[in-house]
Amino acid sequence: MDSRRRSTSKATTASPPHMKMKMGVGLHEHHNDKELKASDALPLPLYLTNAVFFTLFFSVVYFLLTRWREKIRNSTPLHVLNLSEIVAIFAFVASFIYLLGFFGIDFVQSIFRPSVDLWPNEDEIDDAQNADEIILKEDTRKVPCGAGLDCSPPQIVNKEIVSPPSLVPTVLSEEDEEIIKSVLKGSTPSYTLESKLGDCKRAAAIRREALQRLTGKSLTGLPLEGFDYESVLGQCCEMPVGYVQIPVGIAGPLLLDGIEYSVPMATTEGCLVASTNRGCKAIHLSGGAASVLLKDGMTRAPVVRFASAQRAAHLKFFLENPNNFENLSMIFNKSSRFARLQNIKCTIAGKNLYMRFTCSTGDAMGMNMISKGVQNVLDYLQNDFSDMDVIGISGNFCSDKKAAAVNWIEGRGKSVVCECVIKGEVVKKVLKTNVAALVELNMLKNLTGSAMAGALGGFNAHASNIVAAVYIATGQDPAQTVESSHCITMMEAVNDGQDLHVSVTMPSIEVGTVGGGTQLASQSACLNLLGVKGANRESAGSNARLLATIVAGSVLAGELSLMSAQAAGQLVSSHMKYNRSSKDVSKVSS
Ligand code: ADP
């Protein structure tokens, strides 16, 4: 339960901006307690030294101006100086040099440097006559080529491409240099580096350096340090050269089925977390949302071909005959202790047969597991149907990572419905709109508008926004957001039109809490926050099922908030306000 509580602790160790400026973070520098700083050489702590020089500077300026005024009044020549004035001038020069050195040129530049908007804004892009003009504008952006960002291009020395000195990772030894050259020559394939070196981090560093030299493009900004490359070897990513950073925001608490969840969302879309947070608040103030898991079954549909449609139909009847199910499921279930065959539904296209296997997969999303089970059955069928030609283990009738009616109607992964009654007062105060406006907008936009567009599973405002952000944060397969975002959002006035009944029905939420990207450190921390990390020991599959309901609950919150913003005509203004600036977006939820 701890992991589901809201965290109230705040970081208190951030350095003040001027300290960061003085320390200057280099490309391969790592700050730790033992690192020496220039200020360590000072006899006093830095803040005391600063105070002394500030005081000195302003005191001598005051003293000299007073003396100057007296001399003008007494008609004394200005160049005639006594000892105290000479000392004061020395002190002025010394303190001025200190202060100039302290704030430095970075400080002066930072006043004139734009802080966030490094790219041309949309209006500029709209105004641009053609793509060249846009590229020109992008090229002239003021990227700060400061301490941590070396933008200088690789150079050619002795007919060899070499990176600027600051790009060469410190880990590279002479031996590494030889390996880089051999990768560049093609004598060492880049993909063999991990197995040859037995050190994934070093392999990534070498591959990265070779890539920079080969392409003549800098990878500065794509971090190499701070990632466990062993953890992705053989299951998450081949030939790594770094990792992309995506901020994780927290929406919540989401009150769902009586429990509060802090929902991690990895996104770079401004407003999204703030908006979902506002939806969570509306749900919470209305007593919480309730969810029901309707179905739980992953699917895989191989395609096989026969010499005739008749033979294909024979196999269809065989597979769908209830008398054969026990035997088939026994063969299928051998693939894993978690895979349990539920049914096989077939469809025919001429001589080709598509058999859609559905099975439960415990806490795994289940694609690997089900593929193994399907392979077992295909091998078995080959005995009685030796004329069966297996064309592919996946014949797209599954249907994985594609919008397809079969998922929308039959479901894939977890099918969930989630609902809440939002009190009229909450609609007014938190969502800043009214029940009638929301119901009307939902009917005309999510239902009629989507019907006119010929939508497939897209009867919602922005389910995919929330699904994608939660999926990335929790290590799900982001490509499965396609069908996982299928959702119909319904809104209805209830209690004599006073309150709003809102629901989301999502037939294909494909999630897991074991396997794939879920075991990586950051992703598993996010799963831990939700209390669904790893396999559920008491009841296999309940962590994944709970995660699916949290996804649906978060979508409910996102739908409520965005629909309300549109009903109240706030969408454009809030995006202009929060998508383009670094202001405190949390205010959106209040
Ligand atoms: P997927 O099938 O989603 O691609 P993987 O096959 O990579 O996932 O991961 C599932 C693995 O985790 C299997 O080897 C399975 O035996 C193991 N496992 C351990 N505990 C569980 C559990 N509770 N539910 C599902 N799989 C589990």
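Residue numbers run consecutively from 1 along every chain, following the written order of its sequence. Confidence filtering applies because this is a predicted model: local features only for residues at pLDDT of at least 70, side-chain atom pairs given and counted only at 80 or more, and all residues used for totals across whole chains, interfaces and linings. Side-chain calculation: all heavy atoms of the structure are included, whereas hydrogens and water are not.

Under an unreviewed UniProt entry, the name given to the chain is 3-hydroxy-3-methylglutaryl coenzyme A reductase, and the source organism is Quercus rubra. UniProt positions are given in the numbering used here, feature names are shortened, and annotations may be inferred rather than shown by experiment. Turning to the chain, the UniProt annotation filed under Pathway (unreviewed entry) states: "Metabolic intermediate biosynthesis; (R)-mevalonate biosynthesis; (R)-mevalonate from acetyl-CoA: step 3/3." UniProt, in the comment section headed Sequence similarities (unreviewed entry), describes the chain in these words: "Belongs to the HMG-CoA reductase family."

What follows is about the overall build of the chain. Numbering goes from the N terminus for both helices and strands, where a helix is a DSSP run of H or I of at least four residues and a strand is a run of E of at least two. Secondary structure summary: the chain contains 20 helices and 13 strands in total. Any two residues whose heavy atoms approach within 4.5 Å at even a single point are treated as in contact. For the chain, the proportion of contacts with a sequence separation of at least 24, taken over those separated by at least 6, is 71%.

Let us now look at the nonpolar core. Membership of the largest hydrophobic core comes to 49 residues, with the highest contact counts inside it found for M265, I283, I422, L500, I509 and V555. Here this core takes 10 residues from helix α19 (residues 542–567), the largest share from any one element. Apart from the residues within four sequence positions on either side, L500 is in contact with C420, V421, I422, V427, V435, L438, V439, M491, E492, V494 and L560. Counting residues in hydrophobic clusters, the runner-up holds 28 residues, among them L328, M365, M369 and M388. By nonpolar core we mean a set of buried residues, namely Ala, Val, Leu, Ile, Met, Phe, Trp, Tyr and Cys, connected to one another through side-chain atoms within 4.5 Å. Only protein chains enter the accessibility calculation, which uses a 1.4 Å probe; a residue is then buried when its area is under 20% of its type maximum, exposed when over 50%, and partly exposed in between.

Regions with low pLDDT should not have their predicted coordinates read in detail. Of the residues in the chain, 77% have a pLDDT of 70 or more, and the chain-wide mean is 84. The predictor attaches a confidence to each residue, and that confidence, scored 0 to 100, is pLDDT. Of the regions scoring below 50 in pLDDT, residues 112–154 engages in 45 contacts with residues more than four places distant in sequence or in other chains. pLDDT under 50 marks residues 585–590. Its contacts with residues more than four places away, or in other chains, come to 13 contacts.

With that settled, the discussion passes to the packing of helix α16 (residues 463–474) against helix α18 (residues 521–530). Helix packing geometry: the angle between the two helix axes and the distance between the axes. All axes here are fitted lines through C-alpha atoms, helices being fitted over the stretch that makes contact, and every angle between N-to-C directions spans 0 to 180 degrees. Running from N to C, α16 and α18 point in directions that differ by 110°, and their axes come no closer than 6 Å. With respect to α18, the element α16 is oriented roughly perpendicular. Listed contacts from α18 to I472, A473 and T474 of α16 are S522, Q523, C526, L527 and L530. Comment on the angle field: the value is read as roughly parallel under 35 degrees, roughly antiparallel over 145, roughly perpendicular from 65 to 115, and oblique elsewhere.

Attention now goes to the packing of aromatic side chains. By convention, a stacked pair of Phe, Tyr or Trp rings (six-membered ring in the case of Trp) has centres within 6.5 Å and planes under 30 degrees apart, an edge-to-face pair has planes over 60 apart, and any other such pair is tilted. For the structure on display, the rule yields 12 aromatic pairs. Arranged with centres 6.2 Å apart and planes meeting at 15°, the rings of F92 and F96 form a pair that is stacked. Taken together, the positions of F92 and F96, both in helix α3 (residues 83–112) and four residues apart, correspond to about one turn of that helix. A network of ring pairs unites the aromatic residues F54, F57, F58, F92 and F96 as a single cluster.

Turning our attention to the pairing of strand β7 (residues 340–349). With nine bridges connecting them, β7 and strand β8 (residues 352–360) associate as antiparallel partners. Bridge pairing links C346 to M355 in β8. Should DSSP find at least two bridges between two strands, the strands are taken to pair.

This paragraph deals with the site of the ligand. By convention in these notes, a residue is near a molecule or strand provided one of its non-hydrogen atoms lies within 4 Å of it. Lining the immediate surroundings of the ligand are 14 residues, of which D363, M365, G366, N368 and M369 lie closest. Definition of a polar contact: a pair of N or O atoms within 3.5 Å, with one able to donate and the other able to accept a hydrogen when the atoms are protein atoms, and with sequence-neighbouring residues admitted only if both atoms are side-chain atoms. One nitrogen or oxygen atom from the main chain of D363 is found 2.7 Å from a nitrogen atom belonging to the ligand. In the environment of the ligand, an oxygen atom lies 3.3 Å from a nitrogen or oxygen atom belonging to the backbone of M365. Expressed as a share of its isolated accessible area of 560 Å², the protein-covered part of the ligand is 74%. Using a 1.4 Å probe, accessible areas were evaluated by the Shrake-Rupley method; residue-level cover was limited to the displayed protein chains.

Glancing now at α16. One less than the number of residues in a helix, times 1.5 Å, gives the span that helix is expected to have. With 12 residues, α16 extends 17 Å from end C-alpha to end C-alpha; this agrees with the ideal 16 Å at 1.5 Å per step. Among the residues making up α16, those that are buried are A463, I466, V467, A469, V470, Y471, A473 and T474. Of the residues trailing α16, G475 is marked for its positive phi of about 80°.

Moving on to the state of the cysteines. Sulfur atoms of two cysteines make up a disulfide when they are within 2.5 Å. In the structure shown here, the tally under the stated rule is zero disulfides. C418 provides the cysteine sulfur closest to C487, a residue in no disulfide bond, and the two sulfurs are 9.8 Å apart.

A few words on the environment of T448. Tracing the backbone through its elements, the reader meets T448 in helix α15 (residues 435–452). For the pair T448 and F459, spaced 11 residues apart in the sequence, the C-alpha separation amounts to 8.7 Å. A distance of 2.7 Å separates a polar atom in the side chain of T448 from the backbone oxygen of M443.

Moving on, we come to the environment of H284. Relative to the helices and strands, H284 is located in helix α9 (residues 272–285). As a C-alpha pair, H284 and I422 span 138 residues in sequence and 9.1 Å in three-dimensional space. Once residues within four sequence positions are removed from consideration, H284 is found in contact with P253, L255 and E260. Looking at H284, its side chain comes within polar contact range of the side chain of E260, at 2.8 Å.

All right, on to a nonpolar patch on the surface then. A contiguous nonpolar patch, built from L81, I86, I89, F90, V93, F96, I97 and L100 and spanning about 750 Å² of accessible area, is present on the exposed surface. Inspection of the secondary structure assignment puts L100 in helix α3. Like-charged residues are merged into a patch within 9 Å and nonpolar side chains (Val, Leu, Ile, Met, Phe, Trp, Tyr) within 5 Å, provided each residue has over 30% relative accessible area and no salt bridge. One speaks of a salt bridge when a side-chain nitrogen belonging to Lys or Arg is within 4 Å of a carboxyl oxygen belonging to Asp or Glu.

Our focus in this paragraph is the packing of α15 against α19. One can describe the packing of α15 onto α19 by two numbers: an axis separation of 10 Å at closest approach and a directional angle of 100°. The angle between α15 and α19 falls in the class roughly perpendicular. Residues A437, L438, L441, N442, K445 and N446 of α15 form the contact with α19, whose own contacting residues are E559, M563, S564, Q566 and A567. Each residue receives one of three labels: charged for Asp, Glu, Lys and Arg, nonpolar for Ala, Val, Leu, Ile, Met, Phe, Trp, Tyr, Cys and Pro, and polar for the others, Gly being one of them. Looking at the contact of α15 with α19, its residues break down into five nonpolar, four polar and two charged.

In this section: helix α12 (residues 367–384). One turn of the α-helix equals 3.6 residues, which is why residues spaced by three or four share an orientation. A rise of 1.5 Å per residue sets the reference length of α12, with its 18 residues, at 26 Å; its end C-alpha atoms lie 27 Å apart and thus fit the reference within 8%. Buried within α12 we find M367, M369, I370, S371, G373, V374, V377, L378 and L381. Residues of α12 that are buried sit in contact with β5 (290–300), β6 (303–305), α10 (309–320), α11 (322–333), β8 and β9 (389–392).

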